[in-house]
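Observations on the model geometry
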Amino acid sequence: ENHCLSASLGGFGSFENQIVIMEAFIGSGAATLSKPWTQINKAAKNQRKPTSVRMNAVPAAKVQQQTQRFPAAAPVFDDKAQKLVQMAGSPSTSSAGQHKKITLLGCTGSIGVQTLDIVQEQPELFSVVGLSAGSNIDLLEQQTRKFKPQIICVQNEKLYPELKKRLSDMPQVKIVSGNQGVVEVAAYGDADTVVTGIVGCAGLLPTIAAIKSGKNIALANKETLIAGGPVVVPLVKKHNVMMTPADSEHSAIFQCLQGAPYNSLSKVILTASGGAFRDWDVKDLQKVTVADALKHPNWSMGAKITIDSATLMNKGLEVIEAHYLFGASYDDIEIVVHPQSIIHSMVEFKDTSVIAQLGWPDMRLPLLYAMSWPNRVQMPYSRLDLVKQGQLTFRAPDHAKYPCMDLAYAAGRKGGSMPAVLNAANEAAVELFRAEKIHYLQIAKVIEATMESHKNEWLAQPTLDDIVSLDTHARVVAKEL
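Residues numbered from 1 in each chain as written. Predicted model: local features only at pLDDT ≥ 70, side-chain atom pairs only at ≥ 80, totals over all residues. Heavy atoms only, no water.

Remarks on the overall build of the protein
- Of regular secondary structure, the protein possesses 20 helices and 13 strands.
- Within the protein, the proportion of its 481 residues that are buried is 53%.
- When contacts within the protein are restricted to residue pairs at least 6 apart in sequence, those whose partners lie at least 24 apart make up 72%. (Helix = DSSP H or I, 4+ residues; strand = E, 2+ residues; numbered from the N terminus. Buried < 20%, exposed > 50% of the residue type's maximum accessible area, 1.4 Å probe, protein only. Contact = heavy atoms within 4.5 Å.)

Okay, structure coming up:
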């Protein structure tokens, strides 16, 4: 991955076309790897003007090989995952009753509260080792008294003395604070699984700490892979941990892929509700207010992700996450608007068969599966009634209404450091919009301009330090823009 073809690729057009051609040659065994990409690219620029080459110039067979060459962070297509699924289905070896110890990052947010609902419903299956919160020490105190964790953290260091005072009657609980405190909680003790419910790129470092300490990850923080995929995926493999998706779309894909043989996946189909403005005309978006953007038609979520749903950036980010989780190429990940949010996503296999996962829009279901995989846990939730639902409809997303979606695809295809910049710029733009410093329609413009400013500093293989630095820098650039 550090090197490219010794032959010059300058005549094959754009960077993306060069990558396609390059991987086709590598897949055929027709070339050797010798020179770094920067040398190849520099040499190419000094040669003749690029010639336009269509993406379909590569034979379909080569594209199919290319799809399967990406590593998958989620436990799919490998022998270990297959064996665990088989064991879960065997009466003699089923671990359905195995107790799991959970650490929860972001315990006072929407994900955190719903995760603790599951723990409360199934105390024989789950217990809590650690909790971390941002600033809501009232709820953190209640949760600490109820679930009795070994360690807790309040990220807002100014609130540490007050929290320490309130819990003075619980000396057995270790209390820490700040960003480093969150990292400490993530790596602490004998937790089996860390549920990452922290919003945004703030979840990256704690997730890495948990992975390095050998803990499985129930991933509810998509930014961990979007920004840090080039670093996180190799760490998951190195430390032999499981990363299970805890958001509805990727959980659906994960469930559909259970038992699927290697090299059988043809396409991932992500469903999108369409967000707050799915039924608005594009011209009416000039009138959008913050309150309008926070009115999600189907889901109850936090403010940031609800606005991401309105712009469809959340779906664009999920495209990048799906690439890292399941190893699918960007050409094989499709977005379909499904207003009812009953089909949470689908997969198409090589024989054109499509498998979908259905359920009421309830975040507890994917959270439960991420925590209990490869087992199924009986819960007292409402059963899906298709007759009551009556209708399932689909339509293509409107690219004029949702420009953020295309920006996410572009960042994902560029790869390297660009998804991290996209993510940081989006977080900054949404923050500016919520503060009413920019209009809704300027969100995409701020993101695009930030990505454009990064082109000359783009890194093919960013380190963790690079990603953290770029995240900070991109936010500054976005706010200045």
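As for the nonpolar core
- By size, the foremost hydrophobic cluster in this structure holds 93 residues, and its most contacted members are Met-243, Leu-257, Phe-326, Leu-422, Phe-433, Ile-443 and Ile-447.
- Ranked by the residues each element gives to this core, the list is headed by helix α18 (residues 418–434), at 9 residues.
- If we skip the residues at most four places from it in the chain, Leu-257 touches Val-76, Phe-77, Leu-265, Phe-326, Val-347 and Phe-349.
- Formed by 33 residues, the second largest nonpolar core is a distinct cluster that contains Leu-131, Val-195, Met-371 and Tyr-381. (Core = buried A, V, L, I, M, F, W, Y, C linked by side-chain atoms within 4.5 Å.)

Description of the sheet that holds strand β9 (residues 243–245)
- Read across the sheet, 7 strands follow the order β6-β5-β4-β3-β7-β8-β9 without closing on themselves; strand pairing throughout is parallel. Only two strands of the sheet have a single neighbouring strand rather than two, namely β6 (174–177) and β9. The average undirected angle you get between the axes of adjacent strands in this sheet is 20 degrees.
- Bridge analysis of strand β5 (residues 151–154) against β6 gives 4 bridges, and the strand direction is parallel. Bridge pairing in β6 places Cys-153 opposite Val-176. (Pairing = 2+ DSSP bridges. Axes fitted to C-alpha atoms, helices over the stretch in contact; angles between N-to-C directions.)

Description of the pattern of salt bridges
- Scanning the entire structure with this criterion turns up 24 salt bridges.
- Across the pair Glu-141 and Arg-166 runs a salt bridge, and its minimum N-O distance is 3.3 Å. Here Arg-166 lies in helix α7 (residues 160–166) and Glu-141 lies in helix α6 (residues 137–147), a separation of 25 residues in the sequence.
- Its relative accessible area of 17% is what places Glu-141 among the buried residues.
- One salt bridge connects Arg-395 with Asp-279, and the closest N-O pair in it is separated by 3.2 Å. Here Asp-279 lies in the loop between β10 (265–272) and α12 (290–293) and Arg-395 lies in the loop between α16 (386–389) and α17 (403–414), a separation of 116 residues in the sequence.
- Its relative accessible area of 36% is what places Arg-395 among the partly exposed residues.
- Among the charged side chains, a salt-bridge network with shared partners connects Asp-138, Glu-141, Arg-145, Glu-162, Arg-166 and Asp-169. (Salt bridge = Lys/Arg side-chain N within 4 Å of Asp/Glu carboxyl O.)

Here we look at the pairing of strand β8 (residues 216–219)
- In the sheet, strand β7 (residues 193–196) pairs with β8 via 4 bridges, with the strands oriented parallel. By the bridge assignment for β8, Thr-193 is matched with Asn-216.
- A crossover connection joins β7 to the parallel β8 through helix α9 (residues 204–212); in handedness this β-α-β unit is right-handed. (Right-handed = clockwise from strand over helix to strand, strands pointing away.)

Details of unusual backbone geometry
- In this structure, Pro-374 follows Trp-373 across a cis peptide bond, with omega equal to 10 degrees.
- Along the chain, the position of Pro-374 falls in the loop between α15 (364–372) and α16.
- Positive phi, normally seen in glycine, also occurs at Ser-341, with a value near 55 degrees.
- Looking at the element boundaries, Ser-341 is found in the loop between β11 (333–337) and β12 (343–349).

Describing the side chain of Thr-450
- Mapped onto the elements of the fold, Thr-450 is located in helix α19 (residues 442–454).
- Those residues in contact with Thr-450 that lie beyond four places of it in its chain are Val-421, Ala-425, Ala-474, Val-477, Ala-478 and Leu-481.

Digging into the confidence of the model for the protein
- For the protein, per-residue confidence averages 85 on the pLDDT scale, and 83% of positions sit at 70 or higher.
- Per-residue pLDDT stays below 50 along residues 1–69; that stretch engages in 83 contacts with residues further than four places along the chain or on separate chains. (pLDDT = per-residue confidence, 0-100.)

Some thoughts on the pairing of β7
- Neither face of β7 is open: one carries Thr-193 and Val-195, the other Val-194 and Thr-196, and all of them are buried.
- Judged from the 4 bridges that link them, strand β3 (residues 100–105) and β7 form a sheet pairing that is parallel. Its bridge partner being in β7, Leu-104 is matched across the sheet by Val-195.

Points about the packing of aromatic side chains
- Per the stated rule, a full pass over the model turns up 5 aromatic pairs.
- Residues Phe-254 and Trp-373 carry aromatic rings whose centres are separated by 5.6 Å and whose planes lie at 45 degrees to one another, so their mutual orientation is tilted. Residue Phe-254 is located in helix α11 (residues 248–256), and its partner Trp-373 is located in the loop between α15 and α16; the two are separated by 119 residues in the primary sequence. Neither residue differs from the other here; Phe-254 and Trp-373 are each classed as buried.
- Ring geometry for Phe-433 and Tyr-440: centres 5.8 Å apart, planes at 65 degrees, overall edge-to-face.
- Classification of Phe-433 by relative accessible area gives buried; the value is 3%.
- You can call Tyr-440 buried: its relative accessible area is 5%.
- Across from the ring centre of Trp-458, 4.4 Å away, lies the NZ or CZ of Lys-414, which sits over that ring. (Phe/Tyr/Trp six-rings, centres within 6.5 Å; stacked < 30°, edge-to-face > 60°. Lys NZ or Arg CZ within 6 Å of the ring centre and 35° of its normal.)

Section: helix α20 (residues 464–480)
- In a regular helix each residue adds 1.5 Å, so 17 residues correspond to 24 Å; α20 covers 25 Å between its end C-alpha atoms and thus fits that length.
- Taken together, the buried positions of α20 are Ile-467, Leu-470, Asp-471, Ala-474, Arg-475, Val-477 and Ala-478. Taken down its axis, α20 places every buried residue within 165 degrees of arc, on the same side. Turned more than 90 degrees away from the buried face of α20, the exposed residues are Asp-465 and Glu-480.
- Elements in contact with the buried residues of α20: α9, α10 (223–238), α18 and α19. (Expected span 1.5 Å × (residues − 1). Arc of directions from axis to C-beta.)

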